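Structural description and commentary
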Amino acid sequence: MAQVEKRGGLLRKSSASKKPLKEKVVLMYDEIFMTEDPSKCSPRFWEELFLMKVNLEYLEGKLESLDGEELMKIKDNINCLFQHCIQALGEEHPIRVVNALQNSFSSLQTLCALIRGVHQKNKSTSGFDIINMLMGFDKAELCMKNLMESLDSLLCAEGSESLKSLCLKLLLCLVTVTDNISQNTILEYVMINSIFEAILQILSHPPSRREHGYDAVVLLALLVNYRKYESHPEMGLVTTPVSPAPTTPATPLGTTPPSSDVISSVELPLDADVQTSNLLITFLKYSSIVMQDTKDEHRLHSGKLCLIILTCIAEDQYANAFLHDDNMNFRVNLHRMPMRHRKKAADKNLPCRPLVCAVLDLMVEFIVTHMMKEFPMDLYVRCIQVVHKLLCYQKKCRVRLHYTWRELWSALINLLKFLMSNETVLLAKHNIFTLALMIVNLFNMFITYGDTFLPTPSSYDELYYEIIRMHQSFDNLYSMVLRLSTNAGQWKEAASKVTHALVNIRAIINHFNPKIESYAAVNHISQLSEEQVLEVVRANYDTLTLKLQDGLDQYERYSEQHKEAAFFKELVRSISTNVRRNLAFHTLSQEVLLKEFSTIS
């Protein structure tokens, strides 16, 4: 019960019970939510509205409180508000522009949330409902044309960074109205009125890229995935490396990333003593972080995306030319998982090498650090595919890369040992013979074509030494696959392929081992040194007989559709959902915008 007090013989309510006065902008919002046109009684209504400080909380709450039928009753007023927001974007007064954009953004954000609710009840007409509610069917094309032209102009102009940020967030709001972006009919109008050049301009300018790069790349990633399997089946998310962390936007290879401690690409020196960098290095460093912990599903998907991107890079002729260019050397400090048996290399001791060495280092690092119970089979297959494609390029172009190949060979053999040691557990979940075959064929690539891409003849000798030294692992693998290929079981055919692939490796072992044992016996040596074994190898090449194996330098090119479509659809859906959820927390404060624009006006 309201408190009352007696004063001058009159009873009146105490001041504590008075309702707070509504601010003017709230009263104007209330008029919009009436069925009558608010400008009938106040011809300057819309002009005055955009001079008011926006009350996002009240506007959003008002929209969310209405059901679909109530919202339809004020559709004309909503259309009018939307159209006047667009109109205000073209006006010169900076305070009006920012208020209008803030207002249109908040309105669209709330409307999209509301229409998504309607969409769940009537999925077949959700896209058209959104367009009709915001603009009206008859005016939609012109409205969107004007909106996109205004946004394009604001993004390309030299001016407020806050305003550009708000433009990008408005676009993200439009794009993420629905979880499945291909069902978002508004995007038809966005795609017709392209802002691609504006996004590229943001990404190509370092200060702008630092400020807006993340939003720009996410927006671009979502746009290229709109109905991509219908219109351009080969175009996919991998055109821009987007990951959950704020990664560096994708720009042409060799350009400078947005950081103050690197050298401009225009002045890029090739002095080995100078630390240089580029965006691919940033991506490789990022990949080395997210690929460390694949037990987390979020990181597992991020690691998969990184490997898909590297797969596309590894089979691209121009990217490979850059990666293998001996005149473009870089120091790349990859993140390495802490392990007891190795020490962390000091940054200053990192060698300056072509970037392909860093890619190979990253693959070796993954191989040696993920042999665990929850075996990431899919990632291992992709990792080996990247290595194979790089070797195919080196063989084709006769690139003699100065790389520590022994580290790769050792990692591959240890992976084979892991597969054999955990045969029963792994076979319950995976066809490990697919991976084993790929590993064996990598060795076959080195054996058959190594003379065309290994840096020196001694490298070829070291390959044979490593095979002979680890012959027990290959013998055990042969015994395992022979056992399974001779039984009428599930793995008969897969194991048989590995059996045939081991023919040259077994020939090397069976040819050199007796000669090494004989050399040791003649010279009364209980254990030969590496150099002594290499001496035997060099002396007995001529009598070694190997079989020519076809197709070792062939591979199936990456194709997203069918094989990866489900992964990317779910990834895009996840990004869209996260963007929509986070937009509310990224709304720029009106005070910041007004302060910034007061310095311009």
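Residues numbered from 1 in each chain as written. Predicted model: local features only at pLDDT ≥ 70, side-chain atom pairs only at ≥ 80, totals over all residues. Heavy atoms only, no water.

**Here's the deal with the overall build of the chain**
Along the backbone of the chain there are 28 helices and two strands. Relative to its 601 residues, the chain shows a buried fraction of 51%. For the chain, the exposed surface amounts to about 29,900 Å²; the carbon and sulfur share of it is 52%. (Helix = DSSP H or I, 4+ residues; strand = E, 2+ residues; numbered from the N terminus. Buried < 20%, exposed > 50% of the residue type's maximum accessible area, 1.4 Å probe, protein only. Areas by Shrake-Rupley, 256 points an atom, 1.4 Å probe, with all protein chains shown as cover.)

**Remarks on helix H15 (residues 297-314)**
Across its 18 residues, H15 extends 25 Å between first and last C-alpha, which sits within 8% of the 26 Å expected from 1.5 Å per residue. Listed as buried for H15 are Ser-302, Gly-303, Lys-304, Leu-305, Cys-306, Leu-307, Ile-308, Ile-309, Leu-310, Thr-311, Ile-313 and Ala-314. Those residues of H15 hidden inside the fold are in contact with helix H14 (279-290), helix H16 (317-323), helix H17 (355-369), helix H18 (377-397) and helix H27 (565-583). The distance from a side-chain oxygen at the start of H15 to the backbone nitrogen of His-298 is 3.1 Å, and the residue carrying that oxygen is Asp-296. (Expected span 1.5 Å × (residues − 1). Contact = heavy atoms within 4.5 Å. Polar contact = N/O pair within 3.5 Å; in protein donor to acceptor, adjacent residues only side chain to side chain.)

**Details of the packing of helix H9 (residues 161-175) against helix H12 (residues 206-224)**
Relative orientation and spacing of two packed helices are given, respectively, by the angle between their axes and the distance between those axes. It is at 10 Å that the axes of H9 and H12 come closest, and there the two elements cross at 25°. With respect to H12, the axis of H9 lies roughly parallel. Relative to H12, H9 is oriented so that their crossing is left-handed. Taken together, the residues of H12 that come into contact with H9 (itself represented by Glu-161, Lys-164, Ser-165, Leu-168, Lys-169, Leu-171, Leu-172 and Val-175) are Glu-211, His-212, Asp-215, Ala-216, Val-218, Leu-219, Leu-222 and Leu-223. (Axes fitted to C-alpha atoms, helices over the stretch in contact; angles between N-to-C directions. Parallel < 35°, antiparallel > 145°, perpendicular 65-115°, else oblique. Left-handed = near helix turned anticlockwise from the far one by under 90°.)

**Some points on the packing of aromatic side chains**
Taken as a whole and assessed by the stated rule, the structure comprises 17 aromatic pairs. For the pair Trp-405 and Phe-446, a centre-to-centre distance of 5.2 Å together with 70° between the ring planes defines the contact as edge-to-face. Highlighted residues: Trp-405 in helix H19 (residues 405-421) and Phe-446 in helix H21 (residues 432-453), separated in sequence by 41 residues. You'll find Trp-405 and Phe-446 in the same group, each marked buried. Between Phe-512 and Tyr-541 the ring centres are 6.2 Å apart and the planes differ by 85°, which places this aromatic pair in the edge-to-face class. Of this pair, Phe-512 sits in helix H25 (residues 503-522) while Tyr-541 sits in the loop between helix H26 (530-539) and H27; the two residues are 29 residues apart in sequence, bridging distant segments of the chain. Each member of the aromatic cluster is reached from another via a ring pair, and the members are Tyr-403, Trp-405, Trp-409, Phe-446 and Phe-453. Stacked on the ring of Tyr-449, the Lys or Arg Lys-395 has its end atom at 4.6 Å from the ring centre. Seen from the ring of Tyr-478, Arg-506 lies directly overhead, with NZ or CZ sitting 3.7 Å from the centre. (Phe/Tyr/Trp six-rings, centres within 6.5 Å; stacked < 30°, edge-to-face > 60°. Lys NZ or Arg CZ within 6 Å of the ring centre and 35° of its normal.)

**Some details on the nonpolar core**
Note on soluble globular proteins: their nonpolar side chains tend to be buried together. Formed by 160 residues in total, the largest nonpolar core has its most connected members in Leu-310, Trp-405, Phe-433, Leu-435 and Phe-443. Considering each element in turn, this core owes the most residues, 14 residues, to H21. Every residue in contact with Phe-433, bar those within four places of it in the chain, is listed here: Leu-427, Met-480, Val-481, Leu-484, Trp-491, Ala-494, Ala-495 and Val-498. Judged by nonpolar contacts, the second largest core, of 23 residues, contains Ile-32, Leu-59, Leu-66 and Leu-81. (Core = buried A, V, L, I, M, F, W, Y, C linked by side-chain atoms within 4.5 Å.)

**Notes on the pattern of salt bridges**
All chains considered together, the criterion is met by 26 salt bridges. Taking the shortest distance from any N to any O, the salt bridge between Glu-36 and Lys-40 comes out at 3.8 Å. Between Glu-315 and Lys-389 there is a salt bridge, with its nearest N and O atoms 2.7 Å apart. With Glu-315 in the loop between H15 and H16 and Lys-389 in helix H18, this pair connects stretches of sequence that are 74 residues apart. Through salt bridges that share partners, Lys-304, Asp-378, Arg-382 and Glu-564 make up one connected network. (Salt bridge = Lys/Arg side-chain N within 4 Å of Asp/Glu carboxyl O.)

**Re the confidence of the model for the chain**
Of the residues in the chain, 78% have a pLDDT of 70 or more, and the chain-wide mean is 81. Between the elements of the chain, mean pLDDT differs from a low of 46, seen in strand E1 (residues 4-7), to a high of 97, seen in H18. In this model, residues 1-14 is a region of pLDDT below 50 whose contacts with residues beyond four sequence positions or in other chains number nine contacts. In this model residues 106-115 is a low-confidence stretch, pLDDT under 50, and it forms 33 contacts with partners more than four residues away in sequence or in other chains. (pLDDT = per-residue confidence, 0-100.)

**So, the environment of Met-438**
Inspection of the secondary structure assignment puts Met-438 in helix H21. Spatially, the C-alpha atoms of Met-438 and Leu-552 are 9.9 Å apart, while their sequence positions differ by 114 residues.

**What about the environment of Cys-392?**
As for its position among the elements, Cys-392 is in helix H18. Judged by its relative accessible area of 6%, Cys-392 is buried. It is 5.3 Å that separates the C-alpha atoms of Cys-392 and Asp-553, two residues lying 161 residues apart in sequence. Every residue in contact with Cys-392, bar those within four places of it in the chain, is listed here: Met-445, Leu-552, Asp-553, Gln-554 and Tyr-555.

**Regarding the side chain of Arg-331**
Mapped onto the elements, Arg-331 comes out in the loop between H16 and H17. Here the side chain of Arg-331 touches Leu-350 through a polar contact of 3.2 Å, landing on its backbone oxygen.

**Some thoughts on the packing of H21 against helix H24 (residues 492-501)**
At their nearest, the axes of H21 and H24 sit 9 Å apart, and the two run at 15° to each other. Judged by the inter-axis angle, H21 sits roughly parallel to H24. Classified by chirality, the crossing of H24 by H21 is left-handed. Across the interface between the two elements, Phe-433, Ala-436, Leu-437, Val-440, Asn-441 and Asn-444 of H21 pack against Ala-494, Ala-495, Lys-497, Val-498 and Ala-501 of H24. Counted by class, the contact of H21 with H24 contains eight nonpolar, two polar and one charged residues. (Nonpolar A, V, L, I, M, F, W, Y, C, P; charged D, E, K, R; others polar.)

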